[in-house]
Amino acid sequence: MGSPFWWLAAIHILTFQHRSCLVTGRLISSSPSSSIIGVIGESVVLPCHVVADNIPEVFSVQWIFHEQSQKINVSRYDGKNKKEKHDERYQGRTEFFHSEFRAGNMSLHLKNVRSSDKGSYTCVISFNDTYHDVLIELQVAAKGGVPSIFLKSHMKQGIGLTCHAAGWFPKPEVIWLDGQGQVRKELSTTKMTMMPAGLYSVATSMNLNPGSDMEVSCRIVNNLLNTTSESRVLISDIFFPSISKWLITLLVILCLSMVLISTVFSKLRSNHKKTVSSVKAKMEMEEEKNQLKSMIEGEKTKNRAAKSKLKKRFGRLKAELDFWEARSHAVPITVNPDCRVLELQVPGAPHAESNATGPNAPSPVPVLVGKEGFAAGKRYWEVEVGQQQDWVLGVVREKGRQEEEGTRPGEDYWALHRSQGEIFSSEGDRRIRKQQMSNSVIGVLLDLEEGQVNFYEAEQMGVMVRMPLRLGKESAEMFYPFLSKTEGTHTPLVLPVLIPVPLETL
Ligand SMILES: *[C@@H]1O[C@H](CO)[C@@H](O)[C@H](O)[C@H]1NC(C)=O
């Protein structure tokens, strides 16, 4: 009674559920929706069977993949031209069982399953204006490789273990087990990464404490395929760091003593180095000191030389100054043309009989005496002696000029005297040692203020000799310049001295 009603309702529900694009005709669903598991890389048959008494020659089958809201044509068979059409994604991977068509077997053979094939498929068959619609859920799975267990370096306590497995889909379950096949109590951390092929790679690590069960297995479970893969290791005691306490103690002691020995050794070495370096430094310092000493010595000699040079120069300048000072007192001198004879106590005096007179015996010397005499002040004059070998010049003192007695034994004189190339002063017959008598001009300073007579080498501007005057008490003392008279042209001449600008008082 209610059967046709139920059918109609079922048709409508199915039409809306699958959002079928079919517009007219009847739709017959043959088998209920089912789930199929496809293994990645292998083939899978997406089943579709239509229950019909007779399948006509003209019919069509279409497999559709539902990707979100899109419908992708997986494969289509149109009986008329007998051509299969594919979507690019399924190109070359699908096949119908043509020989089974008449028996209503519209299943699709999908080869080389990929992880992206996972999802809902619909098989739509149409003939005689009727449509058959079958929904299939394809699940994809992969059984990956056998896990590998690695021993990591020693942890703080115990040893670290890692388990690697690759090529699993979907995400597998990872379990650490003990020797009795029980799940281990140790904490483990698991990391899963999607490989480029769409499969999962698993890495899990665990810390195995000493004293626990030494048999360890790593199991990877694919719940979809209901398959497992497992690796098992038995860890020997020697991998554990805490083998025995006394050995550790011994090792610690050994380490400590080695550290101590190396410390002592390095200390000794550094000390030795220090000693060597200090000795070296000392030697260097000594050397430096010596160098410094010699340098100072050199400086000292240099300084001494400079000092003596300066002293010399200073002395020379002083002498020059003295000379110029003397010269500033120049006076014109004229001599009486008539000759006078002085009893000079000079050795080897000119025109004296050498056999009769000793070196200190007074001998008469003809001289020319100046017209004017001086009683006070400073007076300077110069006499050119040229290259003559014998001459006398100086100052003669006369007391009471009015007497006019000529040569008197009481007369005093201060003279410079040249005889046979040597120069003497009348003062104690001192011989003035001169390497060379290059000077042809002799300067005479009569200094009545200081009470002395100075003889200068006018060209060298140096003092030859200074003679003190024995000034008497009488006020009538007069000092006259004199010079020797010789025959011929070699008579010494009194030179006119240009009176220079008086020196400024120092
Ligand atoms: C369809 O045919 C294939 C190939 O002979 C077979 O493997 C499959 O089980 C059949 N399917 C049905 C639903 O009969």
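Residues numbered from 1 in each chain as written. Predicted model: local features only at pLDDT ≥ 70, side-chain atom pairs only at ≥ 80, totals over all residues. Heavy atoms only, no water.

Caption draft 1: Seen up close, the overall build of the protein chain. A count of helical and extended segments in the protein chain gives 2 helices and 29 strands. The proportion of buried residues among the 506 residues of the protein chain is 36%. Here the contacts in the protein chain between residues at least 6 apart in sequence split such that 63% fall between residues at least 24 apart. Total accessible area computed for the protein chain in this model is approximately 31100 Å², and 56% of it derives from carbon and sulfur atoms. (Helix = DSSP H or I, 4+ residues; strand = E, 2+ residues; numbered from the N terminus. Buried < 20%, exposed > 50% of the residue type's maximum accessible area, 1.4 Å probe, protein only. Contact = heavy atoms within 4.5 Å. Areas by Shrake-Rupley, 256 points an atom, 1.4 Å probe, with all protein chains shown as cover.)

Caption draft 2: Spatial organisation of a nonpolar patch on the surface. Where nonpolar side chains cluster on the molecular surface, the patch consists of Trp-246, Leu-247, Leu-250, Leu-251, Leu-254 and Met-258 and spans about 660 Å² of accessible area. The residue Met-258 is located in helix α2 (residues 245-327) in this model. Here Met-258 falls in the exposed class, since its relative accessible area comes to 55%. (Patch = residues over 30% accessible without salt bridge, like charges linked within 9 Å, V, L, I, M, F, W, Y side chains within 5 Å. Salt bridge = Lys/Arg side-chain N within 4 Å of Asp/Glu carboxyl O.)

Caption draft 3: Inspection of the site of the ligand at higher detail. Taken together, the residues surrounding the ligand are His-49, Phe-97, Glu-100, Asn-105 and Ser-107. Between the ligand and the protein, one listed contact pairs an oxygen atom with a side-chain N or O atom of Glu-100 at 3.5 Å. Take Asn-105: an N or O atom from its side chain is 2.2 Å from an oxygen atom of the ligand. Protein coverage of the free-state accessible area of the ligand, which is 360 Å², stands at 51%. In terms of residue class, the shell around the ligand is made up of 1 nonpolar, 3 polar and 1 charged. (Near = heavy atom within 4 Å. Polar contact = N/O pair within 3.5 Å; in protein donor to acceptor, adjacent residues only side chain to side chain. Nonpolar A, V, L, I, M, F, W, Y, C, P; charged D, E, K, R; others polar.)

Caption draft 4: Structural detail: the packing of aromatic side chains. Enumeration over the complete set of coordinates arrives at 15 aromatic pairs. Residues Phe-323 and Tyr-456 carry aromatic rings whose centres are separated by 5.7 Å and whose planes lie at 70° to one another, so their mutual orientation is edge-to-face. With Phe-323 in helix α2 and Tyr-456 in strand β26 (residues 452-457), the pair connects residues that are 133 residues apart, well separated along the chain. Classification of Phe-323 as buried rests on a relative accessible area of 1%. With a relative accessible area of 0%, Tyr-456 lands in the buried category. Each residue in the set Phe-59, Tyr-77, Phe-96 and Phe-101 is aromatic and connected to the rest through ring pairs, giving one cluster. (Phe/Tyr/Trp six-rings, centres within 6.5 Å; stacked < 30°, edge-to-face > 60°.)

Caption draft 5: The arrangement of the state of the cysteines in detail. For the structure shown, the criterion picks out 2 disulfides. Across the disulfide, Cys-48 is cross-linked to Cys-123 (sulfur-sulfur distance 2.1 Å). Note on the Cys-48 and Cys-123 pair: the S-S dihedral is about -70°, so by sign convention the disulfide is left-handed. Taken together, the residues Cys-48 in the loop between β3 (44-46) and β4 (60-67) and Cys-123 in strand β9 (residues 119-127) connect sequence positions 75 residues apart. (Disulfide = S-S within 2.5 Å.)

Caption draft 6: Structural detail: the pairing of strand β5 (residues 70-78). Taken together, the 8 bridges between β4 and β5 define a ladder with antiparallel strand orientation. Along β5, the bridge assignment pairs His-66 with Lys-71. The turn joining β4 and β5, which pair antiparallel and follow one another in sequence, is formed by 2 residues; a positive phi near 50° is taken by Gln-68. (Pairing = 2+ DSSP bridges.)

Caption draft 7: Region of interest: the sheet that holds strand β8 (residues 108-110). Ordered in space as β3-β8-β7, the 3 strands form an open sheet in which the pairing is antiparallel. The sheet is open, and its two borders are formed by β3 and β7 (94-96), each paired with just one other strand. Direction aside, neighbouring strands of the sheet carry axes that sit 30° apart on average. Pairing analysis gives 3 bridges linking β7 to β8, with the strands arranged antiparallel. Note that in β8 the partner of Glu-95 across the bridge is His-109. (Axes fitted to C-alpha atoms, helices over the stretch in contact; angles between N-to-C directions.)

Caption draft 8: Looking closely at a positive patch on the surface. A contiguous patch of positive charge on the surface is contributed by Lys-300, Arg-304, Lys-307 and Lys-311. Residue position: Lys-307 is located in helix α2. Residue class for Lys-307 comes out exposed when judged on its relative accessible area of 54%. (Lys, Arg positive; Asp, Glu negative; His and termini not counted. Charge placed at Lys NZ, Arg CZ, Asp CG, Glu CD.)

Caption draft 9: Spotlight on the pattern of salt bridges. The full count for this structure, using the stated rule, is 14 salt bridges. Its salt-bridge partner being Lys-378, residue Glu-325 comes within 3.9 Å of it at the nearest N-O pair. Pair noted here: Glu-325 is in helix α2 and Lys-378 is in strand β20 (residues 378-384), with a separation of 53 residues, a long-range link. Residue classification places Lys-378 among the buried residues on the basis of a relative accessible area of 15%. Here Asp-447 makes a salt bridge to Lys-378, at a shortest N to O gap of 3.9 Å. Of this pair, Asp-447 sits in strand β25 (residues 441-447) while Lys-378 sits in strand β20, and the two are 69 residues apart along the sequence.

Caption draft 10: Quick peek at the environment of Leu-177. Residue position: Leu-177 is located in strand β13 (residues 173-177). For the pair Leu-177 and Glu-215, spaced 38 residues apart in the sequence, the C-alpha separation amounts to 8.2 Å. Not counting chain neighbours up to four residues away, the residues in contact with Leu-177 comprise Gln-182, Val-183, Arg-184, Glu-215, Val-216, Ser-217, Arg-219 and Glu-230.

Caption draft 11: The arrangement of the nonpolar core in detail. In this structure, Phe-59, Trp-63, Met-106, Tyr-121 and Ile-125 are the most contacted members of the largest nonpolar core, which totals 32 residues. There are two domains that each give this core at least three residues, and those are domain 1 (25-141) and domain 2 (148-239). Of all hydrophobic cores here, the second largest spans 25 residues; its members include Trp-414, Ile-432, Leu-446 and Leu-448. (Core = buried A, V, L, I, M, F, W, Y, C linked by side-chain atoms within 4.5 Å. Domains from an automatic or database assignment.)

Caption draft 12: The environment of Glu-57, seen in detail. By the element assignment, Glu-57 lies in the loop between β3 and β4. Spatially, the C-alpha atom of Glu-57 lies 8.8 Å from that of Phe-127, the residues being 70 residues apart in sequence.

Caption draft 13: Spotlight on the pairing of strand β23 (residues 422-425). Judged from the 4 bridges that link them, strand β22 (residues 412-419) and β23 form a sheet pairing that is antiparallel. Along β23, the bridge assignment pairs Arg-418 with Ile-423. Here β22 folds back onto β23 in antiparallel fashion, the turn holding 2 residues, of which Gln-420 has a positive phi close to 50°.

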